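Residue strings, one per chain:
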Amino acid sequence: MLTLKYITENTDEVIARLKKKHFDGSDIINNIVELDERRKITQTAADNFSAEMNSLSREIGLLFKAGKQVEANEAKEKTITLKENISKLSEQRDEIEQKLQDLLVLIPNLPHQSVPEGKHAEDNITERTGGVFPELGTDAVPHWDLAKKYDLIDFELGVKISGAGFPVYKGKGARLQRALINFFLDNARDAGYLEVQPPYVVNAASGYGTGQLPDKEGQMYHCNLDDLYLIPTAEVPVTNIYRDVILDEKELPIKNTAYSACFRREAGSYGKDVRGLNRLHQFDKVEIVRIDTPEHSYESLTEMVNYVQSLVEKLELPWRILRLCGGDMSFTSALTFDFEVYSAAQQRWLEVSSVSNFESYQANRLKCRYRTADKKTQLCHTLNGSALALPRIVAALLENNQTPEGIRIPKALVPYTGFELID
RNA sequence: GGAGAGGUGGCCGAGUUGGUCGAUGGCGCACGCCUGGAAAGUGUGUAUACCCCAAAAGGGUAUCAUGGGUUCGAAUCCCAUCCUCUCCGCCA
C-alpha cells in the first residue's frame, strides 16, 4: 500500500496518477486526509494526558515512599479522570487508525510515468519481439494431443487423483519438467541470484505481506486445520523473508531465485484458456525476486527483463515483451512487462512471465526497510518476475518443435534432459 | 500427542518481594583519541513507530513474543493466544 505520508503530502498528484489505472480515488483519498488530521489531533491529546499520568504516578510513588499517605491518596483521585480521558482518546485513535488502514488497502499502486494509457490487454505496447516463428505442417496438433501421442502428460489421471488442473507428467514429460527447472535455476545462479528453497505453505501474516490477503483470499488453497495457505507463487515466501527487516544499503540489491510448485484455485476460469497446460491448479515455476533501493530499482527491472529474454532466446521460442497499460496492470504493480511466447499449433500467444517493479508498495506492507549511508531508514523497492513458469513453456516447446520424427529439444536444454528428441 | 522450561534491544545476557527501566553489562558496529601503520588500550555514540516544533536542536507517547486484565504505577503479578527448546511417544 501507499504510505500515509505520501498521500497527505502529494494528494493531488496521487489522485491524478491513479486515473491511469482507471481508479477514481478522490473520495477515498480526501477521506484519508481528513482522518489523518483527526488522527494527529487525537494522538497529541492522548499523548499529553499520558505524559501527565506518568509524572503523577511518579509523584505518588515518591509520596508513598516519604510516608505521606494523605497527599498520595489525594493525587490518586486526580488519576481517575485522567485515566478516563486516556482510554477514551486511545479508543478513538485506534478506531481512526483502523479506518485509515481499511481505506489505504483499497488504493492501488501508482503507475510509473512510462505506463501507457489504456484499459484492456489490446492497449498494451509491444516493446520488442524476437525468435523465429516455426513453419509447421498442416498436420500440426496442439500440445494436449502431442502429450497424449507421446504419453508425456496424463490429464485424465490427474482428474482421477485430484481433479482437473492437476496433470500427471510421465516419462520424458516428467524429465522435461525436471530439466527445465534445473535449467532455469542454473541460469539464475549464473546471473547472480541466490537460490533459496522456501516453504510451500505460508501463514496469514505472509499472505498479507505480499498482498494476496485479504483481497485475493479466494484464489489460494487454504488448510483450515492449521490456518495455512498453499503458495500461489514462490514470490510469497521469498519476499516475506524480508518482512519486518531493516537491511543495510550495502546488501542491496538482494537477488533471490526459487523453484516451487504453485497452487492456484483459478476460480472463474473456463473455456479454451484452461485447455491442456494453458491454466492449471498446480504448476512449476522458477521465480526471481529482488529487493533494491529506490534509486536503482528500475535498473534492476531492466536487468530482470533482459535476463528473462535470454531464457526464451536460449529455448529458441518466438517471443514478445509487452509493456502493460494502466488498465491491465495488477493492483500492486508500478510497472510490469509481460513475456509471451507463441504457441504455433494453438496459434496464440501464451503469457509465460510477468516482471514487475512494486516500488515501495509491497515493502510498506512488509515493513521491509533499509538503512542509508547517512543512517536514515527508508522503504525498499521490491521486484519480482517469473523465470519462468513451466506449463506454457512446455506447451510452446511441444507445439513449435513437432516434426514427423518427433519433438525436437532445443540445444541449450539437451544437457538437462539427456535426450534430443521425444519420439 | 504427553510432561517440563522459556520467549528482553543487531547478538549474548542482567533484571520477576511492581516505582524515574527503553531497560546494567558484554559482543558487534560507527566516529574520535592513542600509533609510523595496525592490534591492544581508551572516549563517545549506537532500536522502531508515531506526535509536537517551519527545520535543526529539543520534547512527548508507545513498544521487554502477541492480545487482554489487576494497579496511581508492570519487563516484573493474573488470564488467553502464538512460538522456541528439552525429555517421552510417533515417524520420512
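Residues numbered from 1 in each chain as written. Chains lettered and ligands numbered in written order. Predicted model: local features only at pLDDT ≥ 70, side-chain atom pairs only at ≥ 80, totals over all residues. Heavy atoms only, no water.

Draft legend 1. Up close: the packing of helix α7 (residues 172-190) against helix α10 (residues 297-314). Orientation of α7 relative to α10, taken along the N-to-C sense of each, is 140°, at an axis distance of 11 Å. By the criterion of interaxial angle, the relationship of α7 to α10 is oblique. For the pair α7 and α10, the crossing hand works out as right-handed. Every residue of α10 that contacts α7 at F183, F184, N187 and A188 is listed here: Y307, L311 and K314. Taken together, the residues that form the contact of α7 with α10 break down as five nonpolar, one polar and one charged. (Axes fitted to C-alpha atoms, helices over the stretch in contact; angles between N-to-C directions. Helix = DSSP H or I, 4+ residues; strand = E, 2+ residues; numbered from the N terminus. Parallel < 35°, antiparallel > 145°, perpendicular 65-115°, else oblique. Left-handed = near helix turned anticlockwise from the far one by under 90°. Contact = heavy atoms within 4.5 Å. Nonpolar A, V, L, I, M, F, W, Y, C, P; charged D, E, K, R; others polar.)

Draft legend 2. The packing of α7 against helix α12 (residues 390-400), seen in detail. With their axes 11 Å apart at the nearest point, α7 and α12 run at an angle of 115° to one another. With respect to each other, α7 and α12 are oriented roughly perpendicular. Seen along the crossing, α7 lies across α12 with a hand that is right-handed. Residue-level inspection shows L176, Q177, L180, I181 and F184 of α7 in contact with α12, the latter providing L390, I393, V394, L397 and L398. Partitioning the contact of α7 with α12 into residue classes produces nine nonpolar, one polar and no charged.

Draft legend 3. Examining a negative patch on the surface more closely. A cluster of acidic residues, E122, D123, D328 and E351, forms a negative patch at the surface. Here E351 shows up in strand β13 (residues 348-357). For E351, a relative accessible area of 33% corresponds to the partly exposed category. (Patch = residues over 30% accessible without salt bridge, like charges linked within 9 Å, V, L, I, M, F, W, Y side chains within 5 Å. Areas by Shrake-Rupley, 256 points an atom, 1.4 Å probe, with all protein chains shown as cover. Salt bridge = Lys/Arg side-chain N within 4 Å of Asp/Glu carboxyl O. Lys, Arg positive; Asp, Glu negative; His and termini not counted. Charge placed at Lys NZ, Arg CZ, Asp CG, Glu CD. Buried < 20%, exposed > 50% of the residue type's maximum accessible area, 1.4 Å probe, protein only.)

Draft legend 4. Summary view of the protein's contact with RNA strand B. Residues in contact with RNA strand B amount to 20 residues; listed here are only the nearest, R39, Q43, T44, S57 and R371. The contact in question runs from a base nitrogen of RNA strand B to an N or O atom on the backbone of S57, over 2.8 Å. Breaking the surface near RNA strand B down by element, the ones donating at least two residues are α3 (26-65), α4 (69-104) and β14 (368-371). Examining the composition of the surface near RNA strand B, we find that 13 residues originate from one element, α3, more than from any other. Grouping the amino acids of the surface near RNA strand B by side-chain chemistry returns five nonpolar, eight polar and seven charged. (Near = heavy atom within 4 Å. Polar contact = N/O pair within 3.5 Å; in protein donor to acceptor, adjacent residues only side chain to side chain.)

Draft legend 5. Inspection of α7 at higher detail. Helix length check: α7, at 19 residues, gives a terminal C-alpha distance of 26 Å against a target of 27 Å (1.5 Å per residue), a fit within 8%. Here α7 has its buried residues at G173, L176, Q177, A179, L180, I181, F183, F184, L185, N187 and A188. Positioned one or two residues after α7, G192 has a phi angle of 95°, which is positive. (Expected span 1.5 Å × (residues − 1).)

Draft legend 6. Quick peek at the side chain of E340. Within the secondary structure layout, E340 lies in strand β12 (residues 335-343). Polar contacts involving the side chain of E340 include one to the side chain of R320, which spans 2.7 Å. Not counting residues up to four positions away in its chain, the partners in contact with E340 are P318, W319, R320, L322, W349, L350, E351 and V352.

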